[in-house]
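Observations on chain architecture
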Amino acid sequence: MISGSFRLKTLSGERETLHTGSFQIVTNNPLVADSLSGRYRVCFLKNGSDREVMVKVRDLIHRRHRLLTAPLSGSVKPWETPYRSIMVSSDPCSAVDATSLDLIERAMEVINRSHNYLKTTKPSIDHDFQIVDLSLIESALPSAEAIGRI
Amino acid sequence: MKLELGYIDIRGIRFGDHNAVEEGILVVNPEPLLKPVLEDPLIKTAHFEIAAPGESIRITPVKDVIEPRVKVEGKGGVFPGMVSKVDTVGSGKTNVLRGMAVVTAGPIVGFQEGIIDMTGVGADYTPFSQLHNLVLVMEPVEGFVQREYEKAARLAGLRTAAAIGELARNLTPDETVVYETPTIAETFSEELKNLPRVGYVMMLQSQGLLHDTYVYGVDAKRTLSTLIGATEVMDGAIVSGNCVSACDKNTTYHHQNNPVIHDLLAVHGQSINFVGVIITNENVYLDDKIRSSDWTAKMAQYLSLDAAIVSQEGFGNPDTDLIMNCTKLEKQGIRTVIITDEYAGQDGRSQSLADADALANAVVTGGNANELIILPRMDRVIGTLGYVDKIAGGHAGSLQPDGSIQAELQVITGATNEMGFNRLSAR
């Protein structure tokens, strides 16, 4: 399913690896970018916030891409982890997917609200948050690869 | 399926030169129990500590809580597929060391969570403060890989609980309770056919590292929704690999003592006809969620249920699975009650769940995990307080100079459990 890839450095600082697979991963997690961009299409928002990842995904949904993974991916709370990785379809569908839009909007409500909470993030545990975020998105890969293009 | 649980009441734990249960006291000789734990190359250190109800002790960070049990008669052993060979459990006789638990503690990731206070305000929020706890404190070797070490720590806890449970093999129980579940044909018998057919949908967290649950050794994310016998769950067919979100994760102890199952069995044949248990997962991939909830509703219809109780595990993404399960059941005409907990902000005024639907009109809550609490200083800490500032619900400065902790309720293991195995509720 996956064949050939190349990387782009854009003016906005986004690093994109283009693949021919049926999905892409939008992330602000450098570990996801490093671990997965060799095999999959990864849109890496370097130094981006979790909210910026969601905004990027929401914009893709408006451009008729379909959301493939839950935007609130685990039970690590959004006010703790700075990292977020979300899978969306590579190719646009024929129309905007209402379910995808509903899910991302609801998730963004939670994120917006969460910024009122006390922060727990510390540099010493930054890498651990990256590892768990990577594991969460990796857990979707077997399903995504098994299904292929719909 | 018919399972006889023989409860042996444990009234205390002490260290000694042998391992035995003597007149309700568990005597622990650490060396032979720790030997297999320390044989794992990923575990650098391991030792036991004892915590009794009412003592000024704080246990943190807690990974799992496990009730020691042993299969005395019938097929299989406890925790099949994990520490016993794969075989269908849930029938015959099982002895239970009631009133105690094996608690695993120690670091896995830097933000790991879970506090059990044995006295004070915190103790009121966790059911595990009421148990005599044998705490297995472990440390990983340098440069460990989290995924591998989580497995090592998980298996160390289960093996230790199985070894402790073995001490009860030949004991005479203080109390014996027989649990019997009907076949589908029996649920249509004369005495049951006029009672409402009720099923239990148990959602299992299954999203990745520190978010996993295992069924007969199978990672729950790799299964479709399926049926399981209520008594299989009591024999440890489902174990926790979940270390995230202390307040609303299901520990192995929760699975072994699932209160929804116990309560439904208690009224089976009286006010309801308890038809069966459906287990379903909470995956990251959205098509998995759709497929699993479709399957849940399909099986519920196949079982001709009139009503269902759905229990959730975790927060955020599982809210989507919860609402999918609920709405699909309701649309089949199956009256559905969901058990969840809330993240409604420290003032309780925000929306409680990340997903919602008008069909989710019967909700039991385990409490608001964002509620701010102050836990007093304890005389003794088992584990380490180094993680308190970093765990879910803690925050910078949450460990005060006087040793007290200001944090959200979600730091406490089991505080807002979504099986209802807790002390909080609201109307």
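Whatever comes next refers back to the structure up there.
What this report covers is the structure whose coordinates are included nearby. Computed from a prediction, not measured in an experiment: that's the story for all the values here.

Digging into the environment of B:T181
All names here are of chain B.
- Along the chain, the position of T181 falls in the loop between β13 (175–180) and β14 (197–205).
- When the C-alpha positions of T181 and E418 are compared, they lie 23 Å apart, and in sequence the two are 237 residues distant.
- In this structure T181 touches M1, E186, A230, T231 and L265, once residues within four positions along its chain are discounted.

Digging into the interface of chain B and chain A
- Across the contact, 48 residues belong to chain B and 41 residues belong to chain A.
- Both sides of the chain B and chain A interface together cover about 3,600 Å² of buried area, and 59% of this is carbon and sulfur.
- The interface formed by chain B and chain A contains three salt bridges.
- As a salt-bridge pair, B:D287 and A:R66 come within 3.5 Å of each other at their nearest N and O atoms.
- Taken together, the links from chain B to chain A amount to nine residue pairs in polar contact (both at pLDDT 80 or more).
- Looking at the side of chain B that touches chain A, the elements that each hand over two or more residues are α3 (146–166), α7 (286–302) and α8 (317–331) of chain B.
- With five residues, the single largest contributor to the side of chain B that touches chain A is α7(B).

What to know about the nonpolar core
- Counting residues in each nonpolar core, the largest one holds 69 residues, and the members touching the most others are A:I25, A:L36, A:M87, B:M100 and B:M138.
- Among the elements that line this core, the one with the most residues is α3(B), at nine residues.
- If you look at the next biggest cluster of nonpolar residues, it comprises 37 residues, including A:A70, A:L72, B:I115 and B:A407.

Comments concerning empty space enclosed by the protein
- Applying the stated criterion across every chain yields a total of six cavities of 30 Å³ or more.
- For the lining of the largest cavity, a count of residues per class yields nine nonpolar, three polar and two charged.
- Size it by volume and the second largest cavity reaches roughly 90 Å³.
- Considering the residues around the second largest cavity, the lining is formed by 13 residues, among which A:P71, A:L72, A:L103, A:A107 and B:T320 are closest to the centre.
- Of all elements in the fold, only α3 (98–114) of chain A together with α7 and α8 of chain B reach the threshold of two or more residues within the lining of the second largest cavity.
- No other element matches the three residues that α3(A) contributes to the lining of the second largest cavity.
- Each residue belonging to the lining of the second largest cavity can be placed in one class, and the counts come to seven nonpolar, three polar and three charged.

What counts and what doesn't
Residues numbered from 1 in each chain as written. Chains lettered and ligands numbered in written order. Predicted model: local features only at pLDDT ≥ 70, side-chain atom pairs only at ≥ 80, totals over all residues. Heavy atoms only, no water. Helix = DSSP H or I, 4+ residues; strand = E, 2+ residues; numbered from the N terminus. Contact = heavy atoms within 4.5 Å. Buried area = accessible area lost by both parts, 1.4 Å probe. Salt bridge = Lys/Arg side-chain N within 4 Å of Asp/Glu carboxyl O. Polar contact = N/O pair within 3.5 Å; in protein donor to acceptor, adjacent residues only side chain to side chain. Core = buried A, V, L, I, M, F, W, Y, C linked by side-chain atoms within 4.5 Å. Buried < 20%, exposed > 50% of the residue type's maximum accessible area, 1.4 Å probe, protein only. 1 Å grid on protein atoms, 1.4 Å probe; cavity = no way out; pocket = protein on both sides within 12 Å on 5 of 7 lines; lining within 4 Å. Points joined across faces, edges and corners; volume = space filled by probe spheres on them. Nonpolar A, V, L, I, M, F, W, Y, C, P; charged D, E, K, R; others polar.

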